[in-house]
Amino acid sequence: MAPSSVVVTIEKPNNFSLVEINGSDSSLLLEKQKAVSPKQFTWFLLLKAHRVVAGVSWMAMAFKTMVLSVKKRIALSDVSEEEAKGRRLYRFIKAFLVFSIVALVIEIVAHLKKWNLNLIQPWEVQGLVQWSYMAWLSFRVDYIAPLVLTMSKFCTVLFLIQSLDRLILCLGCFWIKYKKLKPRIEGEAYDIEDGSTFPMVLVQIPMCNEREVFAQSIAAACQLDWPKDRILIQVLDDSDDGNLQLLIKDEVSSWREKGVNVIYRHRLIRTGYKAGNLKSAMACDYVKDYEFVAMFDADFQPNPDFLKQTIPHFKGDPELGLVQARWSFVNKDENLLTRLQNINLCFHFEVEQQVNGVFLNFFGFNGTAGVWRIEALEASGGWLERTTVEDMDIAVRAHLNGWKFIFLNDVKVLCELPESYEAYKKQQHRWHSGPMQLFRLCLPAIMTSKISMLKKANLIFLFFLLRKLILPFYSFTLFCIILPLTMFIPEAELPLWVICYVPIFMSFLNILPAPKSFPFLVPYLLFENTMSVTKFNAMISGLFQLGSAYEWVVTKKTGRSSESDLLALAERETKSSNEEKIHRRYSESGLEMLNKLKQQEVPSVKKRNRLYRKELALAFLLLTAAARSLLSAHGVHFYFLLFQGLTFLAVGLDLIGEQIS
């Protein structure tokens, strides 16, 4: 055998062959490769086909599962109270949807038959459909297009004004960071060794049926670092569950036995919601002995040094009425809904509250995680029950009386975000209907107040009209009504910069305070447009005093804690276990009853994800408009309408947020 030869051995069952190939002549090897390649190609095709079939079957199973889930959700769904009370808007959207579907059918027929109506004479019209189409085009050009064009220009102007406001706020925030502007404590700090130098502080925790979170909020408040004889904690329980009341009483008693000055209050006549609860607590005789009041909702957990970071700002500034801290969220990464909420609230605190606090000394009180000078509360009329935004109400009245506010962006208080779309929707309805109620009530007082014209203009045009009325109005009207309408009325078509470039830029600005959320830029933009229907409905109900404007629904909490909170709690429980054994003085029967209450299961209310009719109707409306845009080859318009419609569909089916069923 030649040195340059190669031996190739091919083994098969019941077959053996030996082939000798000279290195200088590879033609035989090439022929062998050609002979084998068809078999290899066949196996390759079979492998690819197997993968395709597996992929298609997986997609089919996923689609089938989704369809069955949707059918089950539709079958088990019921109409929520809020949906039932928003029938006017739903009927309008449904009528608009029917009109769009009919128009789309006519447009498809015209497109398929390639009607060029500019070349058709009236006597050449054939059939009722073609005549209807010609009549529709004539009516559209003469009557509908001018109206839609006027509305689109008006909403576009509002959109640009609101975008300019956002841009100015962002520039103000950049300036604050560049100049390192922030509130500073004036004067000397309190003498740690002399407790009498510390002012008297009242801490209030209003709650109503907060079974999941009452223990952690009471524990956080009872561990505030402040002289024990200079602080009183009020647990203001409006719960209507007798067993829950006993549990909260026991939690308060256990902390009182540890030497904490904490009391439990329960109203027999529960009127006025949170405002009525706070008003009742402030009417106690002993409140006159206190100078400041700190407020925390039931899911808020302040750090022990909260009071030492906030109260000293009042020292040396008798005109300061409120110190507001920032919120941080223990469940911001729980699901897509909480991530999108985190973007909104980070912008609210980092930009809106901070800029208004630094440059105007005024902003809306957030209702919790803040400290009020009691004198400012009383001089401004105290808590009123006339709206569902009692926190904004007292802030506006205090501002009209000349009190100043400061916002501490560095002081953060841990709390929860709503994890279900139903809870978030109800919260947003209250937050957007209340300001319109308040605007109607406060406008005369603003006009007759003694504050400067600049502050009056800021309150009326920026604080109320632009940010509370115009924002939900143009968001819903421009992107949910006018945009799909222009697909059927091309004479009034919106330019690309209105539907794409400016919204993306503004969403980019909104996400800057939460840089880790940049991957959610597009979902955030689409979801904000989706929420515009809820905010618009709430704004209208508040402005015209409709029934749903006065609804107050406590936002559902889950009682989540951060890892550091759990470790700290475990450490505290270990240290205090011996003290509890010594100081707890319940009888044996009392202990048994308490254990039974704690072990008693909460009456199970069967929960399920809901269907939201307005969102579903808008989803089909936008998808219909997207189909119409294909006929005109509108690339960006089509993709925007398609993804916006799919977002509305996901929200309408309650596929965003916590999934129950």
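Predicted model only: the values in this text are computed from it and were never measured.

Cut-off values and rules
Residues numbered from 1 in each chain as written. Predicted model: local features only at pLDDT ≥ 70, side-chain atom pairs only at ≥ 80, totals over all residues. Heavy atoms only, no water. Helix = DSSP H or I, 4+ residues; strand = E, 2+ residues; numbered from the N terminus. Buried < 20%, exposed > 50% of the residue type's maximum accessible area, 1.4 Å probe, protein only. Contact = heavy atoms within 4.5 Å. Salt bridge = Lys/Arg side-chain N within 4 Å of Asp/Glu carboxyl O. Pairing = 2+ DSSP bridges. Axes fitted to C-alpha atoms, helices over the stretch in contact; angles between N-to-C directions. Phe/Tyr/Trp six-rings, centres within 6.5 Å; stacked < 30°, edge-to-face > 60°. Lys NZ or Arg CZ within 6 Å of the ring centre and 35° of its normal.

A.B. asks: Got a minute to help me understand the overall build of the protein in this structure?
C.D. replies: Within the protein one finds 19 helices and 9 strands. Across the 661 residues of the protein, 49% fall into the buried class. Pairs at least 24 apart in sequence give 79% of the contacts found in the protein among residues at least 6 apart.

A.B. asks: Any chance you could explain the pattern of salt bridges here in plain terms?
C.D. replies: Any two side chains of opposite charge can pair, on the condition that their charged atoms come close. Tallied over the entire structure, the rule returns 19 salt bridges. Between Arg166 and Glu352 there is a salt bridge, and its shortest N-O distance comes to 3.9 Å. Pair noted here: Arg166 is in helix 4 (residues 127–179) and Glu352 is in helix 9 (residues 336–360), with a separation of 186 residues, a long-range link. When sorted by exposure, Arg166 lands in the same class as Glu352, which is buried. Across the pair Asp333 and Arg339 runs a salt bridge whose closest N-O atoms are separated by 3.4 Å. For Arg339, a relative accessible area of 29% translates into the label partly exposed. Each of Lys177, Arg326 and Glu350 takes part in a single network of salt bridges with overlapping partners.

A.B. asks: Teacher, can you tell me more about the sheet that holds strand 8 (residues 370–373) here?
C.D. replies: Backbone hydrogen bonds hold the strands of a sheet together, and the pairing may be parallel or antiparallel. Strand order in the open sheet made by the 7 strands is 5-4-3-6-8-7-9, with mixed pairing throughout. Each end of this open sheet is capped by a strand with a single partner; those strands are strand 5 (262–266) and strand 9 (404–415). Averaged over all pairs of adjacent strands, the angle between their axes in this sheet comes to 20°, without regard to strand direction. The sheet contact formed by strand 3 (residues 201–207) and strand 4 (residues 231–237) spans 7 bridges and is parallel. Pairing of Gln204 across the sheet is with Gln234, part of strand 4. Helix 5 (residues 214–222) rests against strand 3, strand 4 and strand 5 of the sheet, and its axis sits at about 175° to strand 3.

A.B. asks: Honestly, the packing of aromatic side chains in this entry has me stumped. Any pointers?
C.D. replies: The geometry of an aromatic ring pair is captured by the separation of the ring centres together with the interplanar angle, meaning the angle of the planes. Going through the model one piece at a time under the given rule, you end up with 27 aromatic pairs. Where Phe96 meets Phe99, the ring centres are 6.4 Å apart and the plane angle is 25°; that geometry is what we call stacked. Of this pair, Phe96 and Phe99 both sit in helix 3 (residues 87–113), separated by 3 residues, roughly a single helical turn. The interplanar angle of 75° and the centroid separation of 5.2 Å between the aromatic rings of Phe300 and Trp327 together place this pair among those described as edge-to-face. Of the two residues, Phe300 is situated in the loop between strand 6 (292–295) and helix 8 (306–310) and Trp327 in strand 7 (residues 320–329); the sequence distance between them amounts to 27 residues. Judged on exposure class, the residue Phe300 and its partner Trp327 are both buried. One aromatic cluster in this structure is built from Phe300, Trp327, Phe349, Phe362, Phe363, Phe365, Trp372, Phe405, Phe407, Phe439, Phe463 and Phe464. Taking NZ or CZ as reference, Lys258 lies 4.1 Å from the ring centre of Trp255, over its face. One Lys or Arg, Lys468, reaches over the ring of Phe463 and ends 4.3 Å from the middle of that ring.

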